[in-house]
Amino acid sequence: MSSCSDKGYSGRAPTPRVVIMNDARSGRARAADPVRPADATPLAGPDAPARPADTGRLPGLALAVGIAVVATALGRLAPLVGGPVAGIVLGVLVAVVVRPGARLRPGIAFAGRGVLQAAVVVLGAQLSLGQVLRVGVGSLPVMIVTLAACLAAAYWIGRRLGIAGDLRTLIGVGTGICGASAIAAVTPVIGAAGAEVAYAVSTIFVFNIAAVLTFPALGHLLDMSQHSFGLFAGTAVNDMSSVVAAATTYGGAAADQAVVVKLARTLLIIPICLGLAALARRRARTAAGTADMAGPAGNPGPVRVGRLVPWFLVGFLVLAAANTAGLVPSAAHGPLSTLAVFLITVALSAIGLSTEPARLRRTGPAPLLLGGCLWLVVTATSLATQFLISRL
């Protein structure tokens, strides 16, 4: 920000001076007050300009919670749809019919970011590191290879379809890890726009339903065992409810295996978030181009891991470790799981409220095509990796 000061006084009225202040967030230039310095204390008293009242976060947050309550009820009526998907759809519909005003925006913004981060923390209560270890070495290669193939395909196919980087990242991570939960964790790390989150969640939902309808028949066609199908469903289906639906249709043993694999898969959120945070930080430092943020010869300096770890990811790990140590009572697992889903529903409802429908229309069908391609990549990779491991 530039600032100015008049050195000395000649007896004449000072010539009005205009100071251009760059707003990094909006990219717009603003003119400073030609009379008062830009950093002066705001005027007070009867001559002070009127300013809108600060209504706080409560109205917008209450609206998001209200939509989430309705979405949760709809999700119970249609479990395959679920509360989070219903929440983002209802939020978009409200944004189309009645565009939320300035009074609601602080609370909507808080719900879309702060509540979303809190939801990620509560997700840790579903994890037991002991369960993850019991998945066995046979499952880990399938999960890692499937995720790597999905992310590589998201980058390569997404670029050729002309899809923006954040959107293809969200679809790739949502498809490769765990659907809406992974999107919830990654969104604040990369600062994705509401329209991109809405499109990514909707895309993931479409192919979750396709998996539930087709995977059990595919498993019987390939004569897969209960264990193999559980591993397949746990690595190739995204949302937990869809994983349970597909695996339970195949058999009880398959469902047990699929749930554990899915929980283990959730841990992959951690390295992905750290990698994306490092990439985002380096890009920001390179774009800034300032001497205090750059290393020798103008290159970005080293990335400090301590600054990359978001607080909510630390909370996620702490709660997972507490659950592993038995500090989280078994009776609390169900309520905490329900709370996590509801918080995600609140956050996605808020993201739906802040979505610009025109932007969704401009995006076109390319993200849906990308989601379909990634769904096929993940399905084929999971089956092929299991086949290769069984032959070794």
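**Q** Hey, could you run me through the overall build of the protein in this one?
**A** When you go through the protein residue by residue, the secondary structure sums to 16 helices and 2 strands. Here the protein, with 392 residues, has 43% of them falling under the buried criterion. Within the protein, residue pairs in contact and separated by at least 24 positions form 78% of the contacts whose partners lie at least 6 positions apart.

**Q** I keep staring at the packing of aromatic side chains and nothing clicks. Help me out?
**A** We describe a pair of aromatic rings using the distance from one ring centre to the other and the angle between the two ring planes. Under the definition given, this model contains 5 aromatic pairs. Judged by centre distance (4.0 Å) and plane angle (10°), the ring pair of Phe229 and Tyr250 falls under stacked. Residue Phe229 is found in helix 8 (residues 226–236), and its partner Tyr250 is found in helix 9 (residues 240–250); the two are separated by 21 residues along the sequence. In this pair, the class of Phe229 matches that of Tyr250, namely buried. Members of the aromatic cluster, joined through ring pairs, are Phe207, Phe215, Phe229, Phe232, Tyr250 and Trp375.

**Q** What is the right way to read the environment of Asn323 from this model?
**A** One can find Asn323 in helix 13 (residues 311–324). For Asn323, a relative accessible area of 9% puts it in the buried group. Sequence separation of Asn323 and Ser128 is 195 residues, and the distance between their C-alpha atoms is 6.0 Å.

**Q** What exactly am I supposed to notice about helix 14 (residues 330–353) here?
**A** Helical geometry note: an α-helix holds 3.6 residues per turn, so side chains three or four residues apart project in the same direction. Its 24 residues give helix 14 an end-to-end C-alpha distance of 36 Å, which sits within 8% of 34 Å, the value for a rise of 1.5 Å per residue. Among the residues making up helix 14, those that are buried are Ala340, Leu343, Ile344, Thr345, Val346, Ala347, Leu348, Ser349, Ala350, Ile351, Gly352 and Leu353. Buried residues belonging to helix 14 abut helix 1 (58–77), helix 2 (82–97), helix 3 (105–123), helix 6 (165–190) and helix 7 (194–221).

**Q** Help me understand helix 6 in this model?
**A** Counted at 1.5 Å a residue, the expected span for helix 6 with its 26 residues is 38 Å, but the 10 Å between its end C-alpha atoms falls short. Of all the bends in helix 6, the greatest, near 130°, is centred on Ile177. Within helix 6, 23 of the 26 residues are buried, leaving the element largely enclosed by the surrounding structure.

**Q** Which parts of the structure should I look at to understand the environment of Pro59?
**A** Along the chain, Pro59 turns up in helix 1. Pro59 gets classed as buried once you look at its relative accessible area, which sits at 18%. With 44 residues separating them in the primary sequence, Pro59 and Arg103 have C-alpha atoms 7.3 Å apart. Contact partners of Pro59, with chain neighbours within four places excluded, come to Arg103 and Leu104.

**Q** For this particular structure, what's the right way to read empty space enclosed by the protein?
**A** To find leftover empty space, one rolls a probe the size of a water molecule over the atoms. Evaluation of the coordinates by the stated rule reveals 1 cavity of 30 Å³ or more. As for the largest cavity, its lining consists of Thr175, Thr203, Ile204, Phe207, Asn238, Gly371 and Trp375. Those elements that place two or more of their residues in the lining of the largest cavity are helix 7 and helix 16 (366–391). It is helix 7 that contributes the most residues to the lining of the largest cavity, 3 residues altogether. The residue makeup of the lining of the largest cavity, split by class, is 3 nonpolar, 4 polar and no charged.

**Q** Help me understand the nonpolar core, please; the structure alone is not making it clear to me.
**A** Counting residues in each nonpolar core, the largest one holds 89 residues, and the members touching the most others are Leu170, Ile177, Val186, Val197, Phe215, Phe229 and Ile269. The element that contributes the greatest number of residues to this core is helix 6, accounting for 13 residues. Not counting residues within four places of it along the chain, the set of residues in contact with Ile177 comprises Leu147, Ala182, Arg265, Thr266, Leu268, Ile269 and Ile272.

**Q** Just to check I follow, could you spell out the layout of surface pockets for this structure?
**A** Estimated volume of the largest pocket: approximately 880 Å³. Lining of the largest pocket is provided by 36 residues; of these, Asp239, Met240, Ser241, Ser337 and Val341 occupy positions nearest its centre. Of all the secondary-structure elements, those providing two or more residues to the lining of the largest pocket are helix 1, helix 2, helix 6, helix 7, helix 9, helix 10 (252–266) and helix 14. Broken down by element, the lining of the largest pocket gets its largest block of residues, 6 residues, from helix 14.

**Q** For this particular structure, what's the right way to read unusual backbone geometry?
**A** Glycine aside, residues mostly have negative phi angles, and peptide bonds mostly take the trans form. Within the chain, Asp223 stands out as a residue other than glycine whose phi angle is a positive 55°. Relative to the helices and strands, Asp223 resides in the loop between helix 7 and helix 8.

**Q** Explain the side chain of Thr345 here, please?
**A** Looking at where Thr345 falls in the secondary structure, it is placed in helix 14. Residue Thr345 is classed as buried on the basis of its relative accessible area, which comes to 0%. With near-sequence residues (within four places) excluded, Thr345 lies in contact with Ala68, Ala71, Thr72, Gly83, Pro84 and Gly87.

**Q** So what exactly am I meant to see when it comes to the packing of helix 1 against helix 2 here?
**A** When two helices pack together, you describe them by how their axes are tilted relative to each other and by the distance separating the axes. The contact between helix 1 and helix 2 brings their axes to 8 Å, and the two run at 130°. On the basis of the axis angle, helix 1 is oblique to helix 2. Like other packed secondary-structure pairs, helix 1 and helix 2 cross with a definite hand, here right-handed. Of the residues in helix 2, those in contact with Ile67, Val70, Ala71, Thr72, Leu74 and Gly75 of helix 1 are Gly82, Gly83, Ala86, Gly87, Leu90, Gly91 and Val94.

Cut-off values and rules
- Residues numbered from 1 in each chain as written.
- Predicted model: local features only at pLDDT ≥ 70, side-chain atom pairs only at ≥ 80, totals over all residues.
- Heavy atoms only, no water.
- Helix = DSSP H or I, 4+ residues; strand = E, 2+ residues; numbered from the N terminus.
- Buried < 20%, exposed > 50% of the residue type's maximum accessible area, 1.4 Å probe, protein only.
- Contact = heavy atoms within 4.5 Å.
- Phe/Tyr/Trp six-rings, centres within 6.5 Å; stacked < 30°, edge-to-face > 60°.
- Expected span 1.5 Å × (residues − 1).
- Bend = angle between axes of the 7 residues up to and from the residue.
- 1 Å grid on protein atoms, 1.4 Å probe; cavity = no way out; pocket = protein on both sides within 12 Å on 5 of 7 lines; lining within 4 Å.
- Points joined across faces, edges and corners; volume = space filled by probe spheres on them.
- Nonpolar A, V, L, I, M, F, W, Y, C, P; charged D, E, K, R; others polar.
- Core = buried A, V, L, I, M, F, W, Y, C linked by side-chain atoms within 4.5 Å.
- Axes fitted to C-alpha atoms, helices over the stretch in contact; angles between N-to-C directions.
- Parallel < 35°, antiparallel > 145°, perpendicular 65-115°, else oblique.
- Left-handed = near helix turned anticlockwise from the far one by under 90°.

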